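Results of the structural survey
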Amino acid sequence: MALQDVCDFLETLDDSSPCTSLPNEMGYMWRTPFELDRDSPFHFLFPPQQNSRKHKTPTVLSSTLSCLSPHQQPFQLSHGTTTLGFIFQDGVIAAADTRASCKGLICCPISQKIMPIHSHLVVNTSGSGADCMLWERILTREMRLYQLRHRRRLSVNGAAKLLSMMLHPFKGTNVCVAATLCGWDGEETQETLRSSVEMADVTTVSAISDESALGSEKAASVNELLKDAHALTLSDQNTKDVLSTFGGRSGPRVCYVCSDGLQLKGEIISVGSGSPYAYAVLDDGWRWGMTVDEAVGLAREAVFRATHWDAYSGNNVDLFHITAHGCRRRDREDLKEEYYREREREKEKIKEREKERQKREGDELVEGEVSGINKNELKKESPSTSIHHKRTPHGFRGLIKCGLREIGSNGAFKSSWEVRIYEVGSRVYDGRSELKENYELLTRIYDIVVAFMCVQLVNTIFPT
Amino acid sequence: MISSQAYGGSGKMKEYHYSGPVEHKFSPYAFNGGTVLAVAGEDFALVASDTRLSEGYSIHSRDSPKCYKLTDTTVIGCSGFHGDCLTLTKIIEARLKMYKHSNNKSMTSGAIAAMLSTILYGRRFFPYYVYNIIGGLDEEGRGAVYSFDPVGSYQRDSYKAGGSASAMLQPLLDNQIGFKNMENVEQLPLTLEKAVQLVKDVFISAAERDVYTGDALKICIITKEGIREELVPLRKD
């Protein structure tokens, strides 16, 4: 498709905009499905405009494209995902989950959201599945054309601008594409290029496994790209930097492009319904100087946490690592196993804490009102183990501390007293009955402490 | 007894009628029901569909199968809006003929899938309301199933259910063919006889619980010898 265009094998039209034909008297444009793909690959059928406005001749940049609004369509398209990409000193990591959901039903548990475009660029897609698939094909075609015409790869920022310009005519319609372009802009010498092509050849061929949906076709196309790059290198021995980017620094890049027209560059980008959870993990663990293993672990952890909390993300994790030598794919990993491993780890931790509690029985308790509670019902927090608490006890602890600090600052205490915060149970979400009792106990403690704080406050306001 | 004075001249009750603007909408779509299923094996593929055509509370026909033979190695199953199913299959058949005349060979299953994806996306803004599943043999003779959404996103699978009872059938297939959520089980490859029996059982279950599925089941079995059809009766109520 791309090669025949650049060789002028068939007549081509230069602009690939969808509105190249004038509307007929019915008020909508279309092309019969029987015409061959001589020019742009897509001509769209637009339904007649719903409201009786005068017909404007649509131009490339106008947004009067009418289409069926989503509530008129009797079906929903797939949405909902977690994808992320970030750069660090040794390249770019792109990770995504593999769930494609459609209004409550999982259409496909093993979809592939990270698609390689060429040897040094992958795109993480999210939004509507069909739009992402087709626009990625169009982007691949345009980038291949660019590479054939200009003898160098387009940079990540250039690809982002290209995609943004191609999507712009569709602003206002319900095309929903949110793509993260992750790649390495290269300024490569002949030696690194040759070695990188060979290495990328080997690793991408072996690593792109058959589990991916269009696995064989994609692997074949990437192989073709690599072979062409190789051929270009060998044929241009004299030119210095064959595949360098124009005037820019080389290095890792991530770029976000959205069908609304938004374009962002950054160091960490995460997209989708699970992105808040992924951002939380990434912001916590990201450093520029991470090693590859740390980065891979961080990406995996971020997607795992996001799939845990977000209903629309799940199933497996796909991970790609792009360096100056090309992109390498990690095997797809089923997160169900990881979840069970995590539960085992939590069980181990609870056992350890039980042991430590039994050792430290009989230490000092909280003085004051709280001493009335039977000490056997409380488990003391052991300060040495760093416990990863998930929900309510953490929140309560924080609240109690804040409240007490407030009162302390008023000077209301006549005598100094210490407070040890007691943790009761660690996994309130587990649903076991004993933990439920402990949860109720904790709320009672909280109520008592709040009452105590109120009493103190009243004492400061109306000192007796 | 309601006296006739309560009614105004237009026949509506005076106290309780609405005289504001009313929106009447013409929807270009209708939902005609039906379920389609495809399974790919080592050297065979199955495409099965029920034969009921319904709309709302009525049944238009009890003998309207949803599998259409495209080439000697490919069958497509389309469910959703019957009008769009018919047009889409006509378009696909015409494009197949065009390809055959210009390239002197039939289209492979993978090529048909890619072409269907572009046909469907060409109508991105006024989609064909059809859930398609293509079943056939690929170039190496292995079974292939391609499942689509109404706007052209597609995926190669080993089994897929589409249509009105798809949400009921897909988990059962995940368990029986994909061996998901089963532990300590020997994962034998699927034989043709076992697959046909499984498909029959699965449709009988679907007909029990889905009102749009029933009447009869048509199975197209694609092997390198050709395409064989089987008709199995289902519940008619």
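Every value quoted in this text rests on a predicted model; they were computed, and no experiment measured them.

**Remarks on the overall build of chain B**
Counting its regular elements, chain B contains four helices and twelve strands. Here chain B holds 237 residues, and the buried ones make up 53% of them. Considering only intrachain contacts with a sequence separation of at least 6, the fraction spanning at least 24 residues in chain B is 58%. Of the roughly 11,900 Å² of accessible surface on chain B, 52% is carried by carbon and sulfur atoms.

**Let's talk about a nonpolar patch on the surface**
Residue and element names in this part refer to chain A. Side chains of Leu457, Val458, Ile461 and Phe462 sit close together on the surface and give an oily, nonpolar patch of about 390 Å² of accessible area. Counting through the fold element by element, Val458 comes out in helix H10 (residues 433-461). With a relative accessible area of 43%, Val458 lands in the partly exposed category.

**Quick word on helix H3 (residues 166-176) of chain B**
Residue and element names in this part refer to chain B. Taken residue by residue, H3 has Ser166, Leu169, Gln170, Leu173 and Asp174 as its buried positions. Axial view of H3: buried residues confined to an arc of 140°, hence all on one face. On its buried face, H3 is in contact with strand E1 (35-40), strand E10 (159-163) and helix H4 (192-209).

**Description of the sheet that holds strand E5 (residues 67-71) of chain B**
All names here are of chain B. The strand order across the open sheet built from five strands is E5-E6-E7-E8-E9, with neighbouring strands paired in antiparallel fashion. Single-partner strands in this sheet number two, and they are E5 and strand E9 (154-157). Neighbour to neighbour, the strand axes of the sheet diverge by 20° on average, direction disregarded. Sheet topology note: the E5/strand E6 (residues 74-80) ladder contains four bridges and is antiparallel. Residue pairing across strands places Tyr68 opposite Ile76, the latter belonging to E6.

**A word on the sheet that holds E10 of chain B**
Residues and elements named next belong to chain B. Sheet architecture is open: five strands sit in the order E10-E1-E2-E11-E12, paired in antiparallel fashion. Looking at strand neighbours, the two that pair on one side only are E10 and strand E12 (226-233), the edges of this open sheet. Within the sheet, the average angular offset between the axes of one strand and its neighbour, ignoring direction, is 15°. Where strand E11 (residues 216-223) and E12 come together, eight bridges link them in antiparallel fashion. Counterpart to Ile219 in the pairing with E12 is Glu230. Where H3 meets the sheet, it contacts E1 and E10, and its direction lies at approximately 170° from that of E10. Of the strands in this sheet, E1, strand E2 (45-50), E11 and E12 touch H4, which is tilted by about 160° from E11.

**Regarding the pairing of E9 of chain B**
Residues and elements named next belong to chain B. As judged from the four bridges shared by strand E8 (residues 143-148) and E9, these two strands associate in the antiparallel manner. Across the sheet, residue Phe148 finds its bridge partner in E9, namely Tyr154. The loop that links E8 with its antiparallel partner E9 comprises five residues; one of these, Gly152, has a positive phi angle of about 110°.

**What to know about the pattern of salt bridges**
Counted according to the given criterion, the structure contains 23 salt bridges over all chains. Salt-bridge contacts for Glu294 of chain A lead to Arg287 of chain A; the nearest nitrogen and oxygen are separated by 2.6 Å. Exposure remark for Glu294 of chain A: the relative accessible area of 39% places this residue in the partly exposed category. For Arg287 of chain A, a relative accessible area of 43% corresponds to the partly exposed category. Where Asp237 of chain B meets Arg235 of chain B, a salt bridge forms, and the shortest distance between an N and an O atom there is 2.6 Å. According to the relative accessible area criterion, Asp237 of chain B is exposed, its value standing at 62%. Owing to a relative accessible area of 36%, Arg235 of chain B belongs among the partly exposed residues under this scheme. A single network of salt bridges, built from pairs that share partners, joins Glu301, Arg305, Glu342 and Arg345 of chain A.

**Some details on the pairing of E1 of chain B**
Residues and elements named next belong to chain B. Of all the six residues making up E1, six are buried; the element is thus mostly covered by neighbouring parts of the structure. Alternating residues of E1 divide into Thr35, Leu37 and Val39 and Val36, Ala38 and Ala40, and every residue in both groups is buried. Alignment of E1 against E10, held across five bridges, turns out to be antiparallel. When the sheet's bridge partners are listed, Val39 is paired in E10 with Tyr159. Relative to E2, E1 runs antiparallel, the two sharing five bridges. By the bridge assignment, Val36 is partnered in E2 with Ser49.

**Overview of the packing of aromatic side chains**
Under the defined criterion, the tally for this structure stands at twelve aromatic pairs over all chains. Ring geometry for Phe86 of chain A against Phe88 of chain A: centres 6.3 Å apart, planes inclined by 50°, an arrangement best described as tilted. Residue Phe86 of chain A is classed as buried on the basis of its relative accessible area, which comes to 0%. Note on Phe88 of chain A: relative accessible area 0%, which makes it buried. Note on Phe31 of chain B and Tyr212 of chain B: the rings are 5.5 Å apart at their centroids and 85° apart in plane angle, and the pair reads as edge-to-face. Within this pair, whereas Phe31 of chain B is found in the segment before E1, its partner Tyr212 of chain B is found in the loop between H4 and E11, the two being separated by 181 residues in sequence.

**Considering helix H6 (residues 275-285) of chain A**
Residues and elements named next belong to chain A. If you check which residues of H6 are buried, you get Ser275, Ala278, Val281 and Leu282. In an axial view of H6, the angular spread of the buried residues amounts to 130°, which keeps them on one side of the axis. Relative to its buried face, H6 has exposed residues pointing more than 90 degrees away, namely Pro276, Asp283 and Asp284. Buried positions along H6 lie against strand E1 (83-88), strand E10 (268-271) and helix H7 (292-309).

How each quantity is defined
- Residues numbered from 1 in each chain as written.
- Chains lettered and ligands numbered in written order.
- Predicted model: local features only at pLDDT ≥ 70, side-chain atom pairs only at ≥ 80, totals over all residues.
- Heavy atoms only, no water.
- Helix = DSSP H or I, 4+ residues; strand = E, 2+ residues; numbered from the N terminus.
- Buried < 20%, exposed > 50% of the residue type's maximum accessible area, 1.4 Å probe, protein only.
- Contact = heavy atoms within 4.5 Å.
- Areas by Shrake-Rupley, 256 points an atom, 1.4 Å probe, with all protein chains shown as cover.
- Patch = residues over 30% accessible without salt bridge, like charges linked within 9 Å, V, L, I, M, F, W, Y side chains within 5 Å.
- Salt bridge = Lys/Arg side-chain N within 4 Å of Asp/Glu carboxyl O.
- Arc of directions from axis to C-beta.
- Pairing = 2+ DSSP bridges.
- Axes fitted to C-alpha atoms, helices over the stretch in contact; angles between N-to-C directions.
- Phe/Tyr/Trp six-rings, centres within 6.5 Å; stacked < 30°, edge-to-face > 60°.

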